[in-house]
Structures are given as structure tokens and as C-alpha cells.
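Coordinate analysis (summary)
Single-letter residue listing:
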Amino acid sequence: MAFDYDLFVIGGGSGGVRAARVAAGENGAKVALAEESRYGGTCVIRGCVPKKLMVFASSYGSVAQDAGAYGWDVTQGGFDWTKFRTKMNAELDRLEGVYRSLLKNSGVESFDQRARVKDPHTIELADGRTFTAKHILLAMGGRPVRPDMPNAHLAMVSDDIFNMPKMPKTVLIVGGGYIACEFACILQGLGVQVTQYYRGAQILRGFDDEARGLISEEMRTQGIDIHTGANVLQMAPEAAVKAAGGADAAMAYPAGETPVMTGDADGPLWVKSTTGHEGVYDAVFFATGRAPNTDNMGLEDVGVKLGRAGEVVVDDYSQTDVPSIYAIGDVTNRVNLTPVAIREGMAFVETVFKGNPTKVDHDLIPSAVFTQPEMGTVGLSEEAAREIEPVDIYCTSFRPMKSAFAGAPNRVLMKLVVSKATDIVLGCHIVAPDAGEMIQLAGVAVKMGATKADFDRTVAVHPTMSEEIVTMKNPVRSA
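Residues numbered from 1 in each chain as written. Predicted model: local features only at pLDDT ≥ 70, side-chain atom pairs only at ≥ 80, totals over all residues. Heavy atoms only, no water.

1. A short note on the overall build of the protein chain
As a reminder of what qualifies: Secondary structure elements follow DSSP: runs of H or I of four or more residues count as helices, runs of E of two or more count as strands, with numbering from the N terminus. A radius of gyration in this sense is built from C-alpha atoms; the matching globule rule multiplies 2.2 Å by the number of residues raised to 0.38. Partly exposed describes any residue whose relative accessible area lies between the buried limit of under 20% and the exposed limit of over 50%, with all areas from a 1.4 Å probe on protein chains only and scaled to the type maximum. Any two residues having at least one pair of non-hydrogen atoms within 4.5 Å are treated as being in contact. Note on areas: Shrake-Rupley, 1.4 Å probe, and residue coverage restricted to the protein chains presented here. Counting rule for charge: Lys and Arg are taken as positive, Asp and Glu as negative, and neither His nor the chain ends is counted. Charge placement uses NZ in Lys and CZ in Arg. For Asp and Glu, CG and CD serve respectively.
Helix and strand content of the protein chain: 15 helices and 22 strands. Over its C-alpha atoms the protein chain spans a radius of gyration of 24 Å, differing by no more than 12% from the 23 Å that the globule rule assigns to 479 residues. When the backbone C-alpha atoms are referred to their principal axes, the protein chain occupies close to 70 × 70 × 45 Å. The proportion of buried residues among the 479 residues of the protein chain is 50%. Within the protein chain, counting contacts between residues at least 6 apart in sequence, those at least 24 apart form 65% of the total. For the protein chain, the accessible surface area stands at approximately 21800 Å², while carbon and sulfur atoms represent 51% of it. Computing the positive centroid from 46 side-chain charges and the negative centroid from 58, the protein chain places the two 2 Å apart.

2. Details of the sheet that holds strand S21 (residues 425-432)
Put simply, the rule reads: At least two DSSP bridges between two strands are needed for those strands to be called paired. Note on geometry: axes are C-alpha line fits, over the in-contact stretch for helices, and angles between N-to-C directions span 0 to 180 degrees.
Read from one edge to the other, the open sheet built from six strands follows the order S17-S18-S21-S20-S19-S22, with strand pairing classed as antiparallel. Edge strands, defined here as strands with exactly one partner in the open sheet, are strand S17 (367-369) and strand S22 (477-478). Examined bridge by bridge, strand S20 (residues 412-419) and S21 share six bridges and lie antiparallel to one another. Residue pairing across strands places Lys415 opposite His429, the latter belonging to S21. Packing against the sheet, helix H8 (residues 209-222) makes contact with strand S18 (374-379), strand S19 (391-398), S20, S21 and S22, and its axis sits at approximately 170° to S20.

3. Looking at helix H3 (residues 48-59)
Going by this rule: For a helix, the expected span equals 1.5 Å multiplied by the residue count minus one. The arc in question is the one traced by the directions running from the helix axis out to the C-beta atoms.
Over its 12 residues, H3 runs 16 Å from end to end, which matches the ideal 16 Å to within 8%, given 1.5 Å per residue. Buried within H3 we find Pro50, Lys51, Met54, Val55, Ala57 and Ser58. Taken end-on, H3 shows its buried residues confined to a sector of 165°, consistent with a single buried face. Among the structural elements, helix H2 (41-46), helix H5 (81-106) and helix H7 (178-189) are those in contact with the buried residues of H3.

4. A look at the pairing of strand S9 (residues 193-198)
Inclusion rule: Orienting the strands away from the viewer, one traces the path from the first strand over the helix to the second; a clockwise path indicates a right-handed crossover.
Counting buried positions along S9 gives five out of six residues, so the element sits mostly inside the fold. Across five bridges, strand S8 (residues 170-174) lies against S9 in parallel orientation. Within S9, the position partnered with Leu172 by the bridge is Thr195. Taken together, S8, H7 and S9 constitute a β-α-β crossover, and its handedness is right-handed. Where S9 lies against strand S10 (residues 225-228), four bridges are found, and the strand directions are parallel. From the neighbouring strand, Tyr197 faces S10, where its bridge partner is His227. After leaving S9, the chain enters H8 and then returns to the sheet as S10, a path that is right-handed.

Spelled out as C-alpha cells, the structure:
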């Protein structure tokens, strides 16, 4: 059977674009790609890149105070959200242009519209056109979700926050994962009064307990009002509560009569928590989870299996139950990180177009949480490691030189989780400014199977924070 294309990719994020252009440009395949939104996907347009730019912007708030301690006479001004947003959007436009150029220069044909799967070898576009392909690659990514509760449409999710018409003075962030905590620190650094609700006992569930405990303390020191064991019980426009004469009457406020974005003519939102706490906020931001973009894609109709969260179920080679259909990135809900999606895309090309079956290595992936301070982590947490085998814990927490000299209370943490039996470093956790930069290099050592003795043999770079990683000689405890 002759196909229109060797490969049709659905989704123009980092993983899909990489797979498409490598299959076409380096392997000579005839490739098409469809994207219903903007090229670059969540990371470039609605996630990593604009978020990191906001992290940079928020970090300047304390510069004037710190500079004064170092002898500089600096006057701090206010933050201009409109100016920053304009420049940020220009940068995102530039990056989207880069992605489009990469596809075009590789010979990939692009369709700027939604596509769905019609049968194992057929794609249907939103305009009704159909194309056949020998292989189909699903790379649609994921999306933030709102909780199923009255008036949830009045709150923001992460897609909205980069397009706020103005910076709110107060915000309630709901959630305790890395997205919630990152934006709590970002907005606090930009001058917003931040309250955070999390239904669990401690933020950043799944990360090392000691590391997330320090981050929680540092966030509170910055002025973030964290409420653990709390969730939103009721939410309504403050004006509706006043007009209705109470919250219960206001809950009948018709859905859809107000825009999704808050902080404009809509006015503030009244919120009551499950603990009885009440507050009024210029904006509410739900960071309570994401879902794979598999709705109405025709996948189950053609035999592609979906998991409980709607994710595409694949094998070690990213192949679905339908032999001609593969999936990579967040739509598979394996490890939802941009570099992982890119690796999965490259492994797909190796497997399908180069005849070199390649499994994706999801083990020992370094990652960073861009709170203030940042957390860098690779390998097992102390809690996870001690469930597997006896371990020694090497840990130190201290005020770094820069903060101590400025009279700031900020602390950092360096931690190694080491196997008692083999001396292999099972996990490394850093809470410190620029921890993301440090963990990339530590990740190389951990991935190579370095032992604690290897770390000990490495000469320290002095004076630095990171030298503590190689100077901790005695375990603080065994578990």
C-alpha cells in the first residue's frame, strides 16, 4: 500500500518536532506534522521557558537589599508586568519561529490545525482532509485541569498566568506540587501577597522529605502563607457574595457569565477553605494537576489503549497496542519533562527509521524545582531508598557565605543517599540558589554509578556552596 507520508506526527511540542525533523532531515522520510495551537508546545509557549523568565524576573526583587549589605547604594523600583510580558511574548514568538524554521528546513510539511486518528494509518484534519501514513506518532502533550467544583472557571490555571492583563496584588494558589510552589515563589518575588492551600501535610510530595521541608521553611520566611491540610470548599466573586447577602446564595452564580481570567472588571474572589479559613483574593490559581491531551482523538476507536488518567499506554519502545501508532512525551504520562520527550522522540526514530530498536532510559533523571531557593534532585529520596536497602545519609545545612554576609537568614542543604552495601550514591538532593545548575553535573556522577569514595576523592572547589557535596565525611544517620 502506498501512503501519503512515512510519518505523521500529531503535536508540535519539543518531542514531536524533534522526531519529525530528524526522521525527515536525517533519514529522508516523508513527514507531516499537525499542531492545533502554537509550535513549541507547553514547554516553550506555556511552561518551562516563560516560567524560567519569570523566575529570573522575580529574583531581582531582593537585589537592592542584598546589594546594600555589600556597600552599593541601590534604589529599588517597582516591577512593570506589562513591560516584562511584552518582551517575554516577543521572545516566545521568536522561539516559535525557530521551531517552524526547523521543520521547514528539514522538509516537514506542517498543518496548523487539529488532527485526530481515523484508523491505524489515517489522519483526519479539522478541515475534513484525510491523509495516510505508514507510522503515526502521538505527541499532543498535556494540559492543566481545574477541579470539578462550582465557579472553578473563575480561577486561572498555568496556561493563563503568562497572559494576565495585570499583576494581582493578592493571589491564592491551590496545590502543593512543583508548579504551585514555583509560582508561589515567583509571584511573591514580584511583589504579590501569596497564600497557598495544599490538602496534604507537606508541599512537594514525592521529593526528599528533608529537602522539601527546608523549601517550605524558606517559602514561609519569604512571606508565603502556606496552609497545609486545606483545600478550597467554596469560591465565588466577592461582589456576588455581597449582592446575594451571603456565600451560600452566591454559589448559584451562573457559570460562564464571567471570563476565565480574574483580576479585571470581574473583581476579587471570595474563598472558603475546608479548614474554615476565609479570604478575598484578586486572583485564584489552580495548580492541582494535568491531564494528557487524548480527548476526542479517536484513539480507543482504533484500538489504542488508554490508562486511568487518559494517558496513551505504550511499551518500552513507545509503541501502542496498534503497531503503526507510537506515542511520546506527556501524552504517555511516563516522565513529564521536556528533555525526556526529546529523548523518547530520538529513540522512536532510531527504532522505526534506523532499524535500531532503542528503549528509552527513564532511570536516574536529574530534575530541578525552580522555587526560591531551587531544588535539584537525582536518584532516590531517603524515604524511597530505605524501603529498598539499608542506607547511610550524608547531609549538611548551612547559611552560604553570600547570605550570611548580607545578614539574610537563608539556608541551603546538600544531601547524599548512599548504599551501605555497595557505597554507591543512590540519590543527591540540593536546595540552594542555582541548584538546577549544580544537579546537572552531579547527575552525571550518579548516572555513572559513582560511589561515596569517588565523591570523597574529588577535590573541593573553594569557596563554593557545592564543595560540601564532596567534603561530607561522616554520615549523619543510617536508615
